[in-house]
Amino acid sequence: MEIPLHRLNPAPAHRPPLTMAVDMPLPASRFLDAVELATLNRIGDHLCPGQPDLPSFSAAGVVSEFDRIAPGMHPRDLADLRLLLHFIARLPSPFLMGLLKLSHAASTCQWPVLAVLRQMEIGLSGLCYSLYYGFTQPASGPLIRDALHWDATISTELPGENEMTELIDLANPLKTTQDDWVSTIYQRAQTAQQRIGAMPVAERLNYLRRLKNILLARREEIVGQVVKESGKSRFDALVGEIFAVCDGLDYLLKNAGKLLKDEKVPTSIAMMGKQSRICYEPLGTVLIIAPWNYPFNQAIDPIAISFVTGNATIFKPSELTPLTGLVESVLQQAGFEPGWVQVVYGDGQVGSQLIDGKPNKIFFTGSVATGRKIASKAAVSLIPVELELGGKDPMLVFEDADLERAVAGALWGGLTNTGQSCTAVERLYVHEAIYDTFKAKLVARARQIRIGIDLDDDMGPMISDRQTAIVRDLVEDAERHGARRLTGEQWNGIDRRIPPIILEGSSHAMRINQEEIFGPVIPIFRFRTEAEAIQLANDSSFGLSASVWSKDMTRAERVARALVTGNVSINNVMVTEGNHYLPFGGTRDSGIGRYKGRYGLHNFCNMKSMMMEKMSGKIEANWYPYTAEKYRLFDQLTTGLYGGGLSHFVRFAKAGLGIESLAAKLWKKGR
Ligand code: NAD
């Protein structure tokens, strides 16, 4: 039976009535004077006039939201904003509207001369959108969430059977009474993919350009939501979830156009007269299953790659950090239609059921254990799988390394995101000549780390009690076997605010150096020789990334090449994944496949090989009928072509001509 897809659901009955409070007195702001406030509302009402079921900007009560975020703004930004509002206050409305339109048009154009307009779009329009769409704002938050319902549910109303209307709530798919909810989602994706696939890449990039501007504009809200759900510090959220995502989008904007163009490749001389190409086509529907440690990054980054390569996407976030509604909201604002990207919420069971829908590719980021389950399930249906799994990254510090830089790098590499990064430094090997000094400096700095989620805090709490317990078990196991904490002795094993733990005296036989810790713990070791350092670093079932620190670049490069990893940094840490031009992925248990860069982009494509030649009556030399003479000539052609030297080449040319006319003759004559 046909199921009509793309149907929007009626607005939920509980939506609060719309109040257009244009004539009501505006509440005062602690940071803006009356003129500035009125101007902000004037601009806001133009950009966010409201809809039948959404209030306008001024009616949504954004002043209190502005007063909430203003203390976090840099005083210079606040002063600039006030100046701009005063200037705009003098502009007649038609001028203002024109300016806003112009700045919006400029936002998708890269001409340097339009930088001021782009900044206006980011700064002023961005601020208005940010305030309006702020989820934390009690007056508009629930309304916005309700508005998102269009994407969170799929209507499967059957023709002529209105009373049988069935909704699949993507926020709660397992609660649906419809058995085939998975196939409904996939049908919707297939329909959407036809539209996405038909779009030129440049058009897809326009959506991503808008998306980047929206992320910049709404960055405070996004950071806030990520911090709330993951517990990471605001700085970690800004760097990992906004900066890194914008950088990824920027890479696509600059490169996807040329990388997705048909690529001409050489054709062997034996196939003269033909042309060869690689066509980068969409795969169809890509299922992305994500972890919790960089929840917004791991949503937008792969979604953008999947979209720009022409695929429809089904995205399942981690149940620990669903960011409910946020991904749909930014995509919707960027113009994505429902069905292009469907966000399905739930735990591993939902993820597993989504695989039953047989996507054309699974892009999975998460633990090794889940990766194995997904790979074996996918194998049954031969679904291509890319696995970005855990790590146990070694950091090797040689005796000539700059001590301050290496200590700072070790500290950040081990503790950023509370150590909950796949490329966190989990094993620190220091040359014996500098070991004691290095250790003393590291310990002193680790004690200075501030724990919390505020602007001047370094490290947030752990994501969950479960993850905290994993860290406790590993540390206690190591201590039972002779390791000792140099810092973090005061941690009680329960508090999610784990202080940095520098661990000395552990060995590779202990679980802590075999399993992923995923917490703020840095086991430190001493080594004597280069060979020993390499042997220790490679003594792991993981192979994600590593870092080598030395002034001697020849040695550093030699060591880097000897490491069995997918990525390696020299004199830096966790940087390879920061460069979107590089492929990212692991060896051994750290995963299968490569993500990002040219290879990562092409991995989301069906790389179709195409050969073409003009229509002719020619019969190929290797076609039927076969004869002894044809065999002799083909033999000559093979040795002539691959034997090397001029005389061979002449033999090849002679045999080639001979076999061509023989093939034509034989075909004409028939058997
Ligand atoms: P996880 O494996 O527990 O869960 C990841 C995702 O898989 C979640 O969305 C979860 O709901 C889903 N899932 C669980 N069981 C499933 C099943 N049977 N079928 C389908 N989906 C299922 O991982 P996590 O704890 O969320 O994330 C932490 C792990 O991710 C760490 O090991 C870390 O190293 C790894 N990671 C790797 C990278 C990388 O790029 N290599 C990046 C970030 C995190």
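Just so it is clear, the model here is predicted, and its values are computed rather than measured.

On to the overall build of the chain. If you tally the helices and strands in the chain, you get 23 helices and 20 strands. Counting only residues that meet the buried cut, the chain has 52% of its 671 residues in that class. In the chain, once contacts between residues fewer than 6 apart in sequence are set aside, the share between residues at least 24 apart is 71%. Approximately 30700 Å² of the chain is accessible, and the part contributed by carbon and sulfur atoms is 58%.

Turning next to the site of the ligand. In the neighbourhood of the ligand, 29 residues make up the surrounding shell, with Ala-290, Ser-367, Thr-370, Leu-389 and Glu-516 lying closest. Contact distances for the ligand include 2.9 Å between an oxygen atom and a side-chain N or O atom of Trp-292. Here an oxygen atom of the ligand and a side-chain polar atom of Lys-316 are 2.9 Å apart. Of all the secondary-structure elements, those providing two or more residues to the shell around the ligand are α14 (348–356), β8 (361–365) and α15 (368–380). Inspection of the shell around the ligand shows a minimum of three residues originating in each of domain 2 (149–154 + 176–389 + 590–614) and domain 3 (393–587).

Residues Leu-208, Leu-211, Leu-215, Leu-252, Phe-296, Val-308 and Phe-336 are the most contacted members of the largest nonpolar core, which totals 77 residues. Within the second largest apolar cluster, 27 residues are counted, among which are Phe-57, Tyr-129, Leu-131 and Tyr-132.

For the structure on display, the rule yields 14 aromatic pairs. With centroids separated by 4.5 Å and ring planes inclined at 45°, the aromatic side chains of Phe-307 and Phe-336 adopt a geometry described as tilted. Linking Phe-307 in helix α12 (residues 297–308) with Phe-336 in the loop between α13 (326–333) and β7 (341–343), this pair joins segments that are 29 residues apart in sequence. Taking relative accessible area as the criterion, Phe-336 reaches 5% and is therefore assigned buried. Plain terms: the ring middles of Phe-307 and Trp-340 are 5.7 Å apart, the flat faces sit at 25° to each other, and that makes the pair stacked. With Phe-307 in helix α12 and Trp-340 in the loop between α13 and β7, this residue pair connects regions lying 33 residues apart in the sequence. For the pair shown, Phe-307 and Trp-340 are each scored as buried. Its end group placed over the ring of Phe-584, Lys-596 keeps NZ or CZ at 5.7 Å from the ring centre.

Of all the residues in helix α20 (residues 553–562), the buried ones are Arg-555, Ala-556, Val-559 and Ala-560. Take α20 and look down its axis: the buried residues cluster within an arc of 135°, on one side only. Of the exposed residues in α20, the ones pointing more than 90 degrees away from its buried face are Thr-554 and Arg-561. If you follow the buried residues of α20, they end up packed against β10 (393–397), α19 (530–538), β16 (545–549) and β17 (567–570).

Residues Ile-269, Met-272, Leu-646, Phe-649 and Val-650 make up a contiguous nonpolar surface patch of roughly 510 Å² in combined accessible area. Examined against the element boundaries, Met-272 turns out to sit in the loop between β3 (263–265) and β4 (275–282). The class for Met-272 is exposed, based on a relative accessible area of 58%.

Whether parallel or antiparallel, the strands of a sheet pair through hydrogen bonds between backbone atoms. With respect to topology, seven strands assemble into an open sheet ordered β12-β13-β14-β11-β10-β16-β17, the strand pairing being mixed. The open sheet terminates on both sides in strands that have one partner only, identified here as β12 (484–485) and β17. Here α19 sits on the sheet and contacts β10, β11 (425–431) and β14 (521–527); the angle it forms with β11, its principal contact strand, is near 170°. Sheet contacts for α20: β10, β16 and β17; angle to β17, the most-contacted strand, approximately 165°.

Turning next to unusual backbone geometry. Between Tyr-624 and Pro-625 the backbone carries a cis peptide bond, its omega angle lying at -5°. Relative to the elements of secondary structure, Pro-625 occurs in the loop between β20 (605–612) and α22 (628–642). Non-glycine residue Asn-571 carries a positive phi angle of around 60°. Note on placement: Asn-571 falls in the loop between β17 and β18 (587–588). Overall, Asn-571 belongs to the partly exposed group, its relative accessible area being 21%. Positive phi outside glycine occurs at Lys-596, with the angle close to 75°. Mapped onto the elements, Lys-596 comes out in the loop between β19 (591–592) and α21 (597–602).

Okay, the packing of helix α16 (residues 403–415) against helix α17 (residues 435–447) next. Put simply, α16 and α17 touch, their axes get as near as 10 Å, and they point 50° apart. One way to sum up the angle between α16 and α17 is to call them oblique. Both α16 and α17 take part in a crossing whose hand is right-handed. The segment α16 lies against α17, with Leu-403, Glu-404, Ala-406, Val-407, Ala-410 and Leu-411 engaging Thr-437, Phe-438, Lys-441, Leu-442, Arg-445 and Ala-446.

Another aspect to go through is the packing of helix α9 (residues 201–217) against α13. Geometry of a packed helix pair, given as the angle between the helix axes and the separation of the axes. For the pair α9 and α13, the least separation of the axes is 8 Å and the interaxial angle reads 125°. Classed by the angle they form, the pair α9 and α13 counts as oblique. The two elements α9 and α13 cross, and the hand of that crossing is right-handed. Listed contacts from α13 to Leu-211, Ile-214 and Leu-215 of α9 are Val-330, Leu-331 and Gln-333.

This part covers the side chain of Asn-255. For Asn-255, the position within the fold is in helix α11 (residues 234–259). A distance of 3.0 Å separates the side chain of Asn-255 from the side chain of Tyr-581, its partner in a polar contact.

All told, the structure shown has 35 salt bridges when counted by the stated rule. The partner of Lys-274 in a salt bridge is Glu-613, and the shortest N-O contact between them spans 3.5 Å. Remark: Glu-613 occurs in the loop between β20 and α22 and Lys-274 occurs in the loop between β3 and β4; sequence separation between them is 339 residues. Between Arg-496 and Asp-465 there is a salt bridge, with the nearest N and O atoms lying 2.9 Å from each other. Taken together, the residues Arg-496 in the loop between β12 and β13 (501–504) and Asp-465 in helix α18 (residues 465–480) connect sequence positions 31 residues apart. When salt bridges that share partners are traced, they join Lys-212, Asp-250 and Lys-254 into one network.

What you see with β13 is no split at all: Ile-501 and Leu-503 on one side and Ile-502 and Glu-504 on the other are buried throughout. When β12 meets β13, the two strands line up antiparallel, connected through two bridges. Bridge pairing in β13 links Arg-485 to Leu-503. Across four bridges, β13 lies against β14 in parallel orientation. Counterpart to Leu-503 in the pairing with β14 is Pro-523.

With that settled, the discussion passes to the side chain of Ser-547. Residue placement: Ser-547 occurs in strand β16. At a separation of 2.8 Å, a polar atom in the side chain of Ser-547 contacts the side chain of Trp-549. Sequence-distant contacts of Ser-547, that is, excluding residues within four places in its chain, are made with Pro-394, Met-395, Leu-396, Ser-569, Asn-572 and Val-573.

Mean pLDDT over the chain: 88, with 87% of residues reaching 70 or higher. Per-residue pLDDT, averaged within each element of the chain, yields its smallest value for helix α6 (residues 141–147) (41) and its largest for β10 (99). Throughout residues 1–24 the model reports pLDDT below 50, and contacts reaching past four residues in sequence, or to other chains, amount to 47 contacts. For the stretch residues 135–152, pLDDT sits under 50, and the model shows 56 contacts to residues farther than four places along the chain or on other chains.

Thresholds, definitions, all that
Starting from 1, residues in each chain are numbered consecutively following that chain's sequence as written. Local features in this predicted model are restricted to residues whose pLDDT is 70 or higher, and side-chain atom pairs enter the listing and the counts only when it is 80 or higher, whereas totals over whole chains, interfaces and linings include all residues. Working from all heavy atoms in the structure, the side-chain values ignore hydrogens and water. Secondary structure counts use DSSP, requiring at least four H or I residues in a row for a helix and at least two E residues in a row for a strand, with both numbered from the N terminus. For every residue, the accessible area (1.4 Å probe, protein chains only) is compared with the maximum for its type, and the residue is labelled buried under 20%, exposed over 50%, or partly exposed between those bounds. We call two residues in contact whenever any of their non-hydrogen atoms come within 4.5 Å of each other. For the accessible areas, the method is Shrake-Rupley and the probe is 1.4 Å, while residue cover comes only from the protein chains on display. One heavy atom within 4 Å of a molecule or strand is enough for the residue carrying it to be called near that molecule or strand. Under this definition, polar contacts are N or O atom pairs within 3.5 Å; protein pairs additionally need one hydrogen-donor-capable and one acceptor-capable atom, and for neighbouring residues in sequence, both atoms have to be side-chain atoms. Where each domain starts and ends follows an automatic or database-derived domain assignment. Think of a nonpolar core as a cluster: buried Ala, Val, Leu, Ile, Met, Phe, Trp, Tyr and Cys residues, connected wherever their side-chain atoms sit within 4.5 Å. Aromatic rings from Phe, Tyr and Trp, taking only the six-membered ring of Trp, are treated as a pair when their centres fall within 6.5 Å; an angle between ring planes under 30 degrees marks them as stacked, one over 60 as edge-to-face, and anything in between as tilted. Only when the NZ of Lys or the CZ of Arg is both within 6 Å of the ring centre and within 35 degrees of the ring normal is a charge said to sit over the ring. Summarising the geometry, the arc corresponds to the directions from the helix axis toward the C-beta atoms. Surface patches are defined over residues having more than 30% relative accessible area and no salt bridge, joining like charges when they lie within 9 Å and nonpolar side chains (Val, Leu, Ile, Met, Phe, Trp, Tyr) when within 5 Å. Criterion for a salt bridge: a side-chain nitrogen of Lys or Arg within 4 Å of a carboxyl oxygen of Asp or Glu. Being paired, for any two strands, means DSSP has found at least two bridges between them. As a rule, the C-alpha atoms of each element are fitted with a line to give its axis, helices using only the stretch in contact, and angles between N-to-C directions run from 0 to 180 degrees. In what follows, roughly perpendicular refers to angles from 65 to 115 degrees, roughly parallel to angles under 35, roughly antiparallel to angles over 145, and oblique to any angle outside these ranges. With the far helix as reference, a near helix turned anticlockwise by less than a right angle produces a left-handed crossing, and one turned clockwise produces a right-handed crossing. Across the chain, each position has a pLDDT score giving the predictor's confidence in that residue, from 0 to 100.

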